[in-house]
Amino acid sequence: MSILHRWFAFGLLFASLPATPATYLVTRGDDPAPDGCLANDCSLREALDAAVSTPGGDTIVLAAGQYTVTRGTLDAIGDVAVTGAGVDATRIVGNGAFDLVHVTPLAALVLDGVTLASQDAAIEIDSGGATLRRVRIAAGGGVVSATSANGAAQLRIEHSELGDAVGCLCGAGSLHASDSTLAGVAMFDGSGDLDLERVEVVGPDAHYGIAFTSSGAATIRDSTIRNQSIPLALDGVGDVRVYRTRFLGNTGPMYSYRDGTVWMDEVEFSANVVDDAHADHPAVLLATDEGAWRISRALFSGNRGGGGSGPGLIGSTVRVLAGANVVMGDVTFHDNTFRAGVANGIGHAIGVDVADASATIFWMFHATLRTGPSVPDNAVASLLAVRGAAANVRIYDSLLAGNCAFANGAGVFQAVGNVESPAHTCQLPSADNDVDVPALQLLLGPLADHGGFTRTFLPSRASPLVDRADPTWCGVANAVFGATDQRRYLRPADGIDCDIGAAEADASPDTIFAHGVDG
C-alpha cells in the first residue's frame, strides 16, 4: 500500500470514530446575540447552542455569579449538564415574560448547583428528561412542569429546594424526588410513577401538598407534609403506599377518589386544624365510597376538625361516609376534637356516618383511643360516633377511654377483647369485653416516645390491658398488619398472649425491620 493510501485509510478510520463530549466554560453573564461559544467570549445561551453540535454528555460550567437571560427561553437539546458553583454562588435569572429553561423532546438535562429565578415557569420539560440536583428556586421564582405530548417525561429532584409547585403530566414516565423541600407536587393522568423519599412538602403556597391521579404506582416514604390546604389528594387507578411519614399543621383533610387502596404504615397526624375553607371537613381523613384505606402503626394527636351534628358532619378527625372502607391497626388517638366555634360537634375523634343502605366498613384492631384535656367533659361521642344501620363497625383488642354515641339504628357490629373506660356507652358486649373500667386502673403512662416512629401510651405490667387481648383476633391482626405493635415491637411480647391497645408492654423491637428495610 502506498503512503498516500495509508494516510487515506487512517483518515477514514479517524473520521468514523465518534467525537468526545465537550466541556464549555461560560465566561459572560449577559445574553448577547449568539455568535458562537469562544474561549473567552461565551454566554450560557451560546454554550447550549454549541452543545447541540457535539455528541451527548456535554458539560457547561458556570462560575460564581449571576447569569441574566433576556433573549427568551433557553433550549436544552440533547444530553447536557449545566453545573454551577452552588446555590449560594450561581444564579440564572430570567428577565422577561418567558419560561426560563425548555427541555426539548428526547433531551436529557442535568442542572447542578444553581439557583433559578423566572417571571414565568422556571423549567418546562417537553417529553424529555431533567435532573435537578442541588437546585434552589425561591417562592415566586417559577414552577417546574413536565408534559408528555411527544413522549414520556422523566423528572428527578435531588437535594433541592423548590418554592413553587412541581407538576408533571408525565405520560408513562416518572417523577422522583429525594432529600428535597418542595412547595407541592402534582402528577396528573397517564401511567407514570411517583416516588418521594425524604422529602418535606411545605405550604401554604400550593393548594395541594401531593396530588396524584396517574394510574401508575405512588410511594411516599420518610417524608413530612405540612401546612397544606389538602395534604394528599388521590384519583385514578391503583394502590398508593405511604411509609414513615408525618402530616403536620395542615388545614384540610386528605381524600381519595381512587380505584385502589391507600396503604399507610408508621404515620403521624398531629396539630392539623381546618381553616375556614374547610369548616365542614374533618382534620385528617375524609373517607368516601371511592378508594379503601389501610392505616397501621399511626398516631392521631391534637387535631381540630370542622363539622357538627348534621348529616355528613360527624367526626372531627376521621370521617367515614357511606360506602367507605377503612381498616386500622395499632393506632393511637389522643386529644382530638373540633375547632373552636363548632356547635354540637359529634364524634370528637371518629365519625362513621351512613345515610343510606351502602355497605360501609370501619374496623379497628389494637387501637388506643383516649380523650385529652381539650375535649369537653360533657362531649357527646368524645371518641366515636356512628349513624346509620348499614355501618359495619368492628372493634377488636382496643382501649376506648372515653364515650361513644349511636343514632339511626347504628351500633357496633362486633366487638371482642376490648376495654372500655370509664363507663359503658360504646355498646360493647360485656361477655366479650371489659366495660366500665375505672380510669385509674388502666395504669397508662403519658403519651411519650417509647420507641418506634410515633409516640404511644405504654401500659405498666399491672395494667388490665396486659395479656388480655383475644388471641383469635390478635392472630388476625398479626396476619393483616404484621406481628408488631405501633412501635414495630414484637407482639405478643412474651409469645403467650397479646396486650390490648396499640403498644405491647415489655416488648422487643423487630430487629429485622427496625430500619424500615421492608418499605
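Residues numbered from 1 in each chain as written. Predicted model: local features only at pLDDT ≥ 70, side-chain atom pairs only at ≥ 80, totals over all residues. Heavy atoms only, no water.

Draft legend 1. Quick peek at the state of the cysteines. One pass over the structure, following the stated rule, counts four disulfides. At a sulfur-sulfur separation of 2.0 Å, the disulfide partner of Cys 474 is Cys 498. Its S-S torsion of about -75° marks the bond between Cys 474 and Cys 498 as left-handed, since a negative value means left-handed. Here Cys 474 is found in helix H3 (residues 471-481), whereas its partner Cys 498 is found in the segment after H3, with 24 residues between them in sequence. Assigned by exposure class, Cys 474 and Cys 498 land together as buried. (Disulfide = S-S within 2.5 Å. Helix = DSSP H or I, 4+ residues; strand = E, 2+ residues; numbered from the N terminus. Buried < 20%, exposed > 50% of the residue type's maximum accessible area, 1.4 Å probe, protein only.)

Draft legend 2. Molecular detail of the environment of Gly 128. Mapping Gly 128 onto the fold places it in the loop between strand E9 (123-126) and strand E10 (129-137). Each C-alpha atom of the pair Gly 128 and Leu 111 lies 14 Å from the other, and the pair is 17 residues apart in sequence. Those residues within four positions of Gly 128 in sequence are excluded, and the remaining contacts are Val 103, Thr 104, Pro 105, Leu 106, Ala 107, Ala 152, Ala 153 and Gln 154. (Contact = heavy atoms within 4.5 Å.)

Draft legend 3. The pattern of salt bridges, seen in detail. This structure, assessed with the given rule, holds 29 salt bridges. Salt-bridge contacts for Asp 195 lead to Arg 221; the nearest nitrogen and oxygen are separated by 3.1 Å. Of the two residues, Asp 195 is situated in strand E17 (residues 193-202) and Arg 221 in strand E19 (residues 218-221); the sequence distance between them amounts to 26 residues. Ionic pairing is found between Asp 222 and Arg 244, a salt bridge with its closest N-O pair at 2.8 Å. With Asp 222 in the loop between E19 and strand E20 (224-226) and Arg 244 in strand E22 (residues 240-248), this pair connects stretches of sequence that are 22 residues apart. (Salt bridge = Lys/Arg side-chain N within 4 Å of Asp/Glu carboxyl O.)

Draft legend 4. Layout of a negative patch on the surface. Together, Asp 235, Asp 259, Asp 289, Glu 290 and Asp 356 make up a negatively charged patch on the protein surface. Relative to the elements of secondary structure, Asp 259 occurs in strand E23 (residues 254-259). (Patch = residues over 30% accessible without salt bridge, like charges linked within 9 Å, V, L, I, M, F, W, Y side chains within 5 Å. Areas by Shrake-Rupley, 256 points an atom, 1.4 Å probe, with all protein chains shown as cover. Lys, Arg positive; Asp, Glu negative; His and termini not counted. Charge placed at Lys NZ, Arg CZ, Asp CG, Glu CD.)

Draft legend 5. Unusual backbone geometry, seen in detail. A cis amide bond links Ser 421 with the next residue in sequence, Pro 422, at an omega value of 5°. Cis geometry is found at the peptide bond from Arg 491 to Pro 492, where omega equals -5°. The topology assignment puts Pro 492 in the segment after H3. Positive phi, normally seen in glycine, also occurs at Ser 127, with a value near 60°. Positionally, Ser 127 belongs in the loop between E9 and E10. On the accessibility criterion, Ser 127 (3% relative accessible area) is buried. The phi dihedral of Gln 427 is positive, around 60°, even though this residue is not glycine. Note that Gln 427 resides in the loop between strand E38 (419-421) and H3.

Draft legend 6. Fine view of the environment of Asp 112. Position of Asp 112 among the secondary structure elements: in strand E8 (residues 108-117). When the C-alpha atoms of Asp 112 and Ser 270 are compared, they prove to be 35 Å apart, with 158 residues separating the residues in sequence. Sequence-distant contacts of Asp 112, defined by excluding residues within four places in its chain, comprise Val 82, Thr 83, Gly 84, Arg 133 and Arg 134. Separated by 3.0 Å, the side chains of Asp 112 and Arg 134 make a polar contact. (Polar contact = N/O pair within 3.5 Å; in protein donor to acceptor, adjacent residues only side chain to side chain.)

Draft legend 7. Summary view of H3. Turning to H3, its buried residues are Cys 474, Ala 477, Asn 478 and Phe 481. In a view along the axis of H3, the buried residues occupy a sector of 100°, so they form one face of it. The outward face of H3, more than 90 degrees from its buried face, is lined by the exposed residues Thr 472 and Ala 479. Against the buried residues of H3 lie strand E26 (292-301), strand E29 (325-334) and strand E32 (360-370). By the N-cap criterion, in which a side-chain oxygen at the helix start approaches the backbone nitrogen of a residue two or three places on, H3 is capped by Asp 470, the distance to Thr 472 being 3.1 Å. Looking one or two residues past H3, Gly 482 carries a phi angle of roughly 95°, positive in sign. (Arc of directions from axis to C-beta.)

Draft legend 8. Molecular detail of the packing of aromatic side chains. This model, assessed by the stated rule, comprises eight aromatic pairs. Where Phe 247 meets Phe 269, the ring centres are 5.0 Å apart and the plane angle is 20°; that geometry is what we call stacked. Of the two residues, Phe 247 is situated in strand E22 and Phe 269 in strand E24 (residues 261-270); the sequence distance between them amounts to 22 residues. Both residues of the pair, Phe 247 and Phe 269, belong to the buried class. Taken together, the ring pairs connect Phe 247, Phe 269, Phe 300 and Phe 333 into an aromatic cluster. Above the face of the Phe 453 ring, Arg 246 is positioned so that its terminal group lies 3.9 Å from the ring centre. Here the basic side chain of Arg 370 rests over the ring of Phe 457, its NZ or CZ set 4.7 Å away from the ring centre. (Phe/Tyr/Trp six-rings, centres within 6.5 Å; stacked < 30°, edge-to-face > 60°. Lys NZ or Arg CZ within 6 Å of the ring centre and 35° of its normal.)

Draft legend 9. Region of the structure containing the pairing of strand E18 (residues 208-212). With respect to burial, E18 is a largely interior element, four of its five residues being buried. Sheet topology note: the strand E16 (residues 185-187)/E18 ladder contains three bridges and is parallel. Bridged to Val 185 within E18 is Ile 210. In terms of strand pairing, E18 meets strand E21 (residues 230-237) through four bridges, oriented parallel. If you follow Ala 211 over to E21, its bridge partner there is Ala 233. (Pairing = 2+ DSSP bridges.)

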